[in-house]
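Structural overview
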Amino acid sequence: MDIGIGLPNTVPGTEGKALIGWARQAEEAGFSTLGTIGRLVYPSYEELIALTAAAAVTSRIRLTTGVLLAPLYTNSALLAKQTASLDRLSGGRLVLGLGLGGRDDDFTASGLTTEGRGRRLEEQLTEMKRVWSGEERGSAGAIGPEPVRSGGPELILGGASEASFRRVGRLADGWIMGGGTPEMFAQAAAGVDAAWQDEGRQGKPRKLSLAYFALGSDARAQADTYLLHYYAWLGDGAGQVAASAAVSTEMVRSYVASFEASGCDELIFVPTSSRPEQVELLAEATA
């Protein structure tokens with residue numbers, strides 16, 4: 001199982017130079033990917049822009065949106081161009097994780113409704129794949145640049161419903177769980193595999209998961225401060241998210257072993273602080 005690390009793009013107060021330094025450290029430490037999470041109504045960096053900054057100072061590490069809230073990007077052709085640009089600029093390192101989003105405030109601020117999100121996502125995916133394939137749109141030809149990989153960047157979809165699993169089987173290369181236990185992952189992953197087989201796809205989908213972490217002497221306080229604020233919209237559920245954060249080397253290693261045993265192909269540890277020592281501490285815990 002690959003071990004990735006998130007960028008602190010949603011941690012309030014993170015300066016641009018800290019984000020760039022984090023990306024350099026993560027690559028030097030040998031992590032498999034730099035991941036982002038995202039929402040609109042929050043003092044966070046937009047994911048594609050954050051990963052473009054990371055791409056400029058790295059050369060090997062994958063760049064994963066885990067996940068970008070696709071229905072908020074209503075111009076699908078432009079989104080296809082943006083993601084193809086990042087893919088080309090990074091040498092084909094983009095892993096495009098897309099999801100539906102679940103916070104009403106993100107949609108209200110965008111002048112959108114949450115109704116019909118699944119249908120809109122499927123329409124977006126169809127349109128983006130047409131753009132990535134080089135379909136001509138005008139006198140100048142296709143919308144470029146051409147992605148490095150034929151057919152577009154690796155496409156990973158989130159979601160925990162049967163409809164989400166079927167969408168993966170029809171349209172994507174893999175699936176990502178946004179949070180939860182290894183047991184929850186194993187159960188959902190079985191549903192993804194079944195949907196994949198029902199569509200007659202060859203091989204298996206790549207399956208990923210996120211897990212929050214905080215390490216060091218004040219790890220619990222660090223995790224609680226950030227996660228209780230970020231997930232305040234969940235009410236009592238915010239406490240459950242905070243409690244699940246890996247706040248010790250032992251918890252990190254337990255998560256690695258349990259997710260690997262559950263069939264996870266890549267586990268991305270998402271930070272709750274942008275302090276640079278967190279990269280080193282996680283590298284030591286996962287060595």
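These figures come from a predicted structure and were not determined experimentally.

Let us look at the environment of glycine 239. Topologically, glycine 239 is positioned in helix H9 (residues 237-243). Placed 78 residues apart in sequence, glycine 239 and serine 161 show a C-alpha to C-alpha distance of 23 Å.

Before going further, it helps to spend a moment on the pairing of strand E4 (residues 94-99). If a strand is regular, its side chains alternate between the two faces of the sheet. Counted residue by residue, E4 has 6 buried out of 6 residues, so it is predominantly covered. Burial of E4 is two-sided: the residues Leu94, Leu96 and Leu98 facing one way and the residues Val95, Gly97 and Gly99 facing the other way are all buried. Both strand E3 (residues 62-69) and E4 contribute to a ladder of 5 bridges, which runs parallel. Paired with threonine 65 across the two strands is leucine 96, which belongs to E4.

On to helix H11 (residues 277-285). All buried positions along H11 are accounted for by Gln278, Val279, Leu282, Ala283 and Ala285. Taken end-on, H11 shows its buried residues confined to a sector of 165°, consistent with a single buried face. Buried residues along H11 sit against strand E1 (2-6), helix H1 (16-29), strand E9 (206-213), helix H8 (219-230), helix H10 (249-261) and strand E10 (266-271).

Further remarks concern the side chain of asparagine 9. Residue position: asparagine 9 is located in the loop between E1 and H1. A distance of 2.9 Å separates the side chain of asparagine 9 from the backbone oxygen of isoleucine 37, its partner in a polar contact. In contact with asparagine 9, not counting residues within four places along its chain, are Leu19, Thr36, Ile37, Ser44, Tyr45, Glu47 and Ala50.

What follows concerns the sheet that holds E4. An order of E1-E2-E3-E4-E7-E8-E9-E10 is seen for the 8 strands of this closed barrel, with the pairing classed as parallel. For this sheet the average axis-to-axis angle between neighbouring strands, irrespective of direction, equals 25°. Judged from the 4 bridges that link them, strand E2 (residues 33-36) and E3 form a sheet pairing that is parallel. Of the residues in E3, the one forming a bridge with threonine 33 is arginine 62.

In terms of nonpolar packing, the biggest core is built from 88 residues, with Leu34, Tyr212 and Phe269 touching the most fellow members. Among the elements that make up this core, the one with the highest residue count is helix H7 (residues 182-198) (6 residues). Once you skip the residues sitting within four places of it in the chain, tyrosine 212 turns out to touch Ile37, Tyr226, Leu227, Tyr230, Tyr231, Val241, Ala245, Ala246, Val270, Pro271 and Thr272.

To continue, consider the packing of aromatic side chains. Applying the stated criterion across every chain, the model contains 9 aromatic pairs. When the centroid spacing of 4.9 Å and the interplanar angle of 80° are considered together, the rings of tyrosine 42 and tyrosine 230 count as edge-to-face. Here the residue tyrosine 42 occupies a position in the loop between E2 and helix H2 (47-56), and tyrosine 230 occupies one in helix H8, the gap between them amounting to 188 residues. Pair check on accessibility: tyrosine 42 and tyrosine 230 agree, each one buried. A centroid spacing of 5.4 Å and a plane angle of 35° characterise the contact between tryptophan 175 and phenylalanine 185, whose relative ring orientation is tilted. In this pair, tryptophan 175 sits in strand E8 (residues 174-177) while phenylalanine 185 sits in helix H7, placing the two residues 10 residues apart along the sequence. Members of the aromatic cluster, connected to one another through ring pairs, are Tyr42, Tyr212, Tyr226, Tyr230 and Tyr231. Positioned over the ring face of tyrosine 230 is arginine 39, at 4.8 Å from the centre of the ring. Between the NZ or CZ atom of arginine 201 and the centre of the ring of tryptophan 196, over which it lies, the distance is 3.8 Å.

Calculation rules
Residue positions are given per chain, counting from 1 as you read along its sequence in written order. At least 70 in pLDDT is required for a residue's local features to be given in this predicted model, at least 80 for side-chain atom pairs to be given and counted, and no such filter applies to totals for whole chains, interfaces and linings, which use all residues. As a convention, hydrogens and water are excluded, and side-chain values are obtained from all of the structure's heavy atoms. A helix here means a DSSP run of H or I that spans at least four residues, while a strand means a run of E at least two residues long, and both kinds are numbered starting from the N terminus. The classification of residues rests on relative accessible area computed with a 1.4 Å probe and restricted to protein chains. Under 20% of the type maximum is buried, over 50% is exposed, and intermediate values are partly exposed. The pairing criterion is simple: DSSP has to find at least two bridges between the two strands. To obtain the arc, one takes the directions from the helix axis to the C-beta atoms. Residues count as neighbours in contact if any of their non-hydrogen atoms are within 4.5 Å of one another. Residues adjacent in sequence count toward polar contacts only when both atoms are side-chain atoms; beyond that, a polar contact is any pair of N or O atoms within 3.5 Å, and within protein one must be able to donate a hydrogen and the other to accept it. Interaxial angles span 0 to 180 degrees and are taken between N-to-C directions of axes, which are lines fitted to C-alpha atoms, for helices over the stretch in contact. To define a nonpolar core, start from buried Ala, Val, Leu, Ile, Met, Phe, Trp, Tyr and Cys residues and group those joined through side-chain atoms within 4.5 Å. In this scheme Phe, Tyr and Trp rings, the latter by its six-membered ring, pair at centre separations within 6.5 Å, and the angle between planes marks the pair as stacked below 30 degrees, edge-to-face above 60, and tilted otherwise. Two conditions define a charge located above a ring, namely a distance within 6 Å from the ring centre to NZ of Lys or CZ of Arg, and an angle within 35 degrees of the ring normal.

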